[in-house]
Amino acid sequence: MEGVDHLAHERNKAQFDVAVMKAVWAGSRDAYELFHRFSRLVANDPEMFIPAIKAQATEEQQKQWLPLANKMKIIGSYTQTELGHGSNVRGLETTATFDPKTDEFVLNSPTLTATKWWPGGLGKIATHALAHARLIIDDKDYGVHGFLVQLRSLDDHLTLPGITIGDIGMKYGSGAYNTMDNGSLIFDHVRIPRNQMLMRLSQVTREGKYVPSNVPRQLSYGTMVYVRQKIVFDASIALSRAVCISTRYSAVRRQFGSHNGSPETQVIDYKTQQARLFPLLASAYAIRFVSEWLNSFYKDLLQRLEAKDFSTLPEAHACTAGLKSITTSVAADGIEECRKLCGGHGYLTSSGLPELSAVYIPACTYEGDNVVMLLQVARYLMKTISQLKSGNKPVGTTAYLGRAEQLMQYHSDVLRAEDWLKPNVVVEAFEARAARMSMACAQNLSKFNNPEDGFQELSADLVEAATAHCQLIIVSKFIEKLQQDIPGKGVKEQLGVLRSIYALFLLHKHIGDFLSTDCITPKQGYLANEQLRSLYSQVRPNAIALVDAFNYTDHFLSSVLGRYDGNVYPKLYEEAWKDPLNDTSIPDGFHEYVQPMLKQPLHHGRL
Ligand SMILES: CCCCCCCC/C=C\CCCCCCC/C=C/C(=O)SCCNC(=O)CCNC(=O)[C@H](O)C(C)(C)COP(=O)(O)OP(=O)(O)OC[C@H]1O[C@@H](n2cnc3c(N)ncnc32)[C@H](O)[C@@H]1OP(=O)(O)O
Ligand SMILES: Cc1cc2nc3c(=O)[nH]c(=O)nc-3n(C[C@H](O)[C@H](O)[C@H](O)COP(=O)(O)OP(=O)(O)OC[C@H]3O[C@@H](n4cnc5c(N)ncnc54)[C@H](O)[C@@H]3O)c2cc1C
């Protein structure tokens, strides 16, 4: 019935202050702010074009271009990826050749594979590109740099001479990403003034002299680092949306279990449903908290870069790349799991889950393919280990590697299931697992004469070691979050339950790592699983309140299954009747194609 809260009985079970939990979840950033930016992103791409200008343009160039971009007087596209290269930025083929006679760069797409391909906004709407091209001076190749290129007339929006632009066509399913005009672009000797090369990091003089950057060349990748840390926050939004839908529906849905006319069992009370759903609920909170930490780490990096302090740049790259990879994979797989947790109705568009999945899953690819990103983390870990011998003391997220010798001797002292509730017990196990996996890779790498050959040969193991490292970061940041002063009845206790679920679920899922590295015994692994089951029972009465704390409106969720009031069945039915197919009783084409078959006379008893 309208106006009735069908989940009131669930909300009344909450054992914590939901208002405080809402504040804890909202943290320092508001999902709506990012959502609205995202929806603008789906139409345009200010998320990268503007930050890239800020990162790579001189002050003078910023004064010229930022006001235009901020006021949408020009619409920009971050135009890096090509048909033939995306991951390998240093392999990009588009060229920008300096012409000293005219003080211009000539942009050209020398091959088909040099065609710019995928950049958001490029297909139909962008008037300008921040094009990444190989700087060529006197036939010498100086590598990939950024160039501002006007693509379309600001009068009639027609493409300019030498510019061939198109949309790359429909993408995965009918998802909203099809509202993004990811485009293709071919340059045919397009001339731009020399001052449209972004020259904050390196310059080309009027005489055609290349002035190399006096800062790490990787700062030219800064926009990708910026977006990767935002994508981690985005992962917490996407996953929490799916978890909210599937948790509320799991409390509404009843199936089997009726005795003597009693109501059937709520599917949320099935242990299998809890074992699939509650780790995702815990993961949403875990990703949110690690995104808060990553954002503050990134802001600290920016301040350091202003002071020419590059000391945390390698760690920032490793953390943004690794956490982007891990969290987007968890979120993408989690959204699909949430669809399955809703049974058949989860497959309906009106559940909101197919759309959310279709929009979200490219996050595992864009801004850095997730495997390629984990390999970057692995490089960083191997480099960190190689420097231990020279006395280098790792700090920050690799500090545990400074205790590698000690961790190699570690054996968990867990005796009872509840020992796994102690944060230090959990962190030690995760540190030992990560250290041993990385040390084993380093040990194996040392057997190769050519380190690059070794890295390629061992890349699958290295990805697993990088994954263990990133999971340790997320577990650690969840624990650190709870060391903060968090007010409100029962709030910290509930977050503690989620923290333990997150960690013990990972331990259970990756039990092979923990056993093969001899960090824990099979018995201790068994006790961890015992504890996990007990934790699910503790979350159960709070599940609805924990997803209410995401504070998402029904509009934002756009899901009949995830409605706040749980009034699912009438709304499912109502939504179905909005389908145009139900405008008529007899479907189009029936009389032309189906009825003649039905009217066919029977021949010898057969059609
Ligand atoms: C669904 C509901 C939503 C509701 C809310 C939504 C809110 C929205 C908010 C957020 C979502 C945002 C949406 C974003 C949409 C994005 C659209 C997509 C855009 C794109 O995809 S842009 C193109 C992205 N492309 C890539 O990422 C390419 C990946 N490749 C690379 O980065 C590089 O090629 C590389 C790093 C893999 C390799 O580079 P390179 O060959 O130059 O370097 P190496 O030889 O490997 O390493 C040398 C050295 O450099 C270090 N290094 C590398 N990169 C960096 C870096 N970035 N920073 C610092 N250092 C770096 C590397 O570690 C090595 O160091 P050592 O020499 O070993 O010390
Ligand atoms: C929705 C969407 C939006 C995008 N928006 C933009 C945009 O606005 N601007 C832009 O410039 N680009 C954009 N891109 C492109 C995106 O950045 C690239 O697709 C992404 O970086 C992956 O690169 P790739 O396509 O070359 O994948 P590839 O690297 O070709 O990946 C293919 C396979 O090869 C594997 N692989 C590649 N290299 C290695 C290696 N060294 N070791 C082991 N395995 C490897 C990968 O893991 C993967 O399994 C977008 C892409 C998508 C899907």
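Remember, predicted model here, so these are calculated numbers, not experimental data.

**Section: the overall build of the protein chain**
Next, step 1: Within the protein chain, the regular secondary structure consists of 21 helices and eleven strands.
Next, step 2: Residues counted as buried form 54% of the 607 residues belonging to the protein chain.
Next, step 3: Across the protein chain, contacts joining residues at least 24 apart in sequence account for 74% of those joining residues at least 6 apart.
Next, step 4: Total accessible area on the protein chain stands at roughly 27,700 Å², and carbon and sulfur atoms take up 56% of it.

**Thoughts on unusual backbone geometry**
Next, step 1: Although it is not a glycine, D138 adopts a positive phi angle of roughly 50°.
Next, step 2: Relative to the helices and strands, D138 is located in the loop between β5 (128-137) and β6 (140-150).
Next, step 3: Note on D138: relative accessible area 66%, which makes it exposed.
Next, step 4: We note that H189 has phi near 50°; this positive angle belongs to a residue other than glycine.
Next, step 5: With respect to the secondary-structure elements, H189 resides in the loop between β8 (183-187) and β9 (190-193).

**A few points about the site of ligand 2**
Next, step 1: In the vicinity of ligand 2, 20 residues are found, and the nearest of them are Y78, T81, S87, G120 and D369.
Next, step 2: Measuring from an oxygen atom of ligand 2, one finds a backbone N or O atom of Q80 at 3.2 Å.
Next, step 3: Residue G86 places a main-chain N or O atom 3.1 Å away from an oxygen atom belonging to ligand 2.
Next, step 4: Within the complex, the protein chains bury 64% of what would otherwise be the 980 Å² of accessible surface of ligand 2.
Next, step 5: Considering each element in turn, the shell around ligand 2 owes the most residues, three residues, to helix α10 (residues 370-386).
Next, step 6: In terms of residue class, the shell around ligand 2 is made up of nine nonpolar, eight polar and three charged.
Next, step 7: Residue assignment places the shell around ligand 2 across two domains, with domain 1 (74-215) and domain 2 (222-546) each supplying three or more.

**Section: the side chain of S236**
Next, step 1: In this fold, S236 is placed in helix α6 (residues 222-252).
Next, step 2: Ignoring anything within four residues of it in the chain, the contact list for S236 reads W25, A284, I287, R288 and Y552.

**Here we look at the UniProt feature "active site" (unreviewed entry) in the protein chain**
Next, step 1: With numbering aligned to this structure, UniProt lists the feature "active site" (unreviewed entry) at E367.
Next, step 2: Relative to the helices and strands, E367 is located in the loop between α9 (353-360) and α10.
Next, step 3: Those residues in contact with E367 that sit more than four places away from it in its chain are M48, M224, V227, R228, I231, K324 and M373.

**A few points about the site of ligand 1**
Next, step 1: For ligand 1, the set of nearby residues contains 33 residues, the closest of which are S87, R90, Q218, Y221 and K383.
Next, step 2: Here an oxygen atom of ligand 1 and a side-chain polar atom of R228 are 2.8 Å apart.
Next, step 3: At 2.5 Å from an oxygen atom of ligand 1 is found a side-chain nitrogen or oxygen belonging to K383.
Next, step 4: About the coverage of ligand 1: the protein hides 85% of its 1,400 Å² of free accessible area.
Next, step 5: The element that contributes the greatest number of residues to the shell around ligand 1 is α6, accounting for eight residues.

**Observations concerning the UniProt feature "domain: Acyl-CoA oxidase C-terminal" (unreviewed entry) in the protein chain**
Next, step 1: Per the UniProt record, "domain: Acyl-CoA oxidase C-terminal" (unreviewed entry) is annotated on residues 423-599.
Next, step 2: Along residues 423-599 the backbone is 71% helical and 0% strand, and the end-to-end C-alpha distance reaches 73 Å.

**Considerations on the environment of N214**
Next, step 1: With respect to the helices and strands, N214 occurs in the loop between β11 (210-211) and α6.
Next, step 2: Measuring from C-alpha to C-alpha, the distance between N214 and L201 comes to 7.3 Å, with 13 residues separating the pair along the chain.

**A word on the state of the cysteines**
Next, step 1: Considering all chains together, one arrives at zero disulfides under this definition.
Next, step 2: The cysteine C244 is free of any disulfide, with C338 supplying the nearest cysteine sulfur at 10.0 Å.
Next, step 3: The thiol of C441 is unpaired, and the distance to the nearest cysteine sulfur, on C470, comes to 13 Å.
Next, step 4: Here C441 falls in the buried class, since its relative accessible area comes to 5%.

**Notes on the sheet that holds strand β4 (residues 116-117)**
Next, step 1: The sheet built from three strands is open, its strands ordered β4-β8-β7 with antiparallel pairing. Strands at the two margins of the open sheet, each flanked by one partner only, are β4 and β7 (163-167).
Next, step 2: Sheet analysis places β7 next to β8, joined by five bridges and oriented antiparallel. Within β8, the position partnered with G166 by the bridge is S184.

**A closer look at the packing of helix α8 (residues 313-341) against α10**
Two quantities define a packed helix pair, namely the angle between the helix axes and the distance between the axes.
Next, step 1: Where α8 meets α10, the closest approach of the two axes is 8 Å, and the angle between their N-to-C directions is 145°. Seen from above, α8 lies across α10 with left-handed handedness. The residues of α10 that touch α8, namely those facing P314, E315, H317, A318, A321, G322, K324, S325, I326, T328 and S329, are N370, M373, L374, Q376, V377 and Y380.
Next, step 2: In terms of residue class, the contact of α8 with α10 is built from eight nonpolar, seven polar and two charged.

Rules behind the numbers
Residues numbered from 1 in each chain as written. Chains lettered and ligands numbered in written order. Predicted model: local features only at pLDDT ≥ 70, side-chain atom pairs only at ≥ 80, totals over all residues. Heavy atoms only, no water. Helix = DSSP H or I, 4+ residues; strand = E, 2+ residues; numbered from the N terminus. Buried < 20%, exposed > 50% of the residue type's maximum accessible area, 1.4 Å probe, protein only. Contact = heavy atoms within 4.5 Å. Areas by Shrake-Rupley, 256 points an atom, 1.4 Å probe, with all protein chains shown as cover. Near = heavy atom within 4 Å. Polar contact = N/O pair within 3.5 Å; in protein donor to acceptor, adjacent residues only side chain to side chain. Nonpolar A, V, L, I, M, F, W, Y, C, P; charged D, E, K, R; others polar. Domains from an automatic or database assignment. UniProt positions renumbered as here; feature names shortened; annotations may be inferred. Disulfide = S-S within 2.5 Å. Pairing = 2+ DSSP bridges. Axes fitted to C-alpha atoms, helices over the stretch in contact; angles between N-to-C directions. Left-handed = near helix turned anticlockwise from the far one by under 90°.

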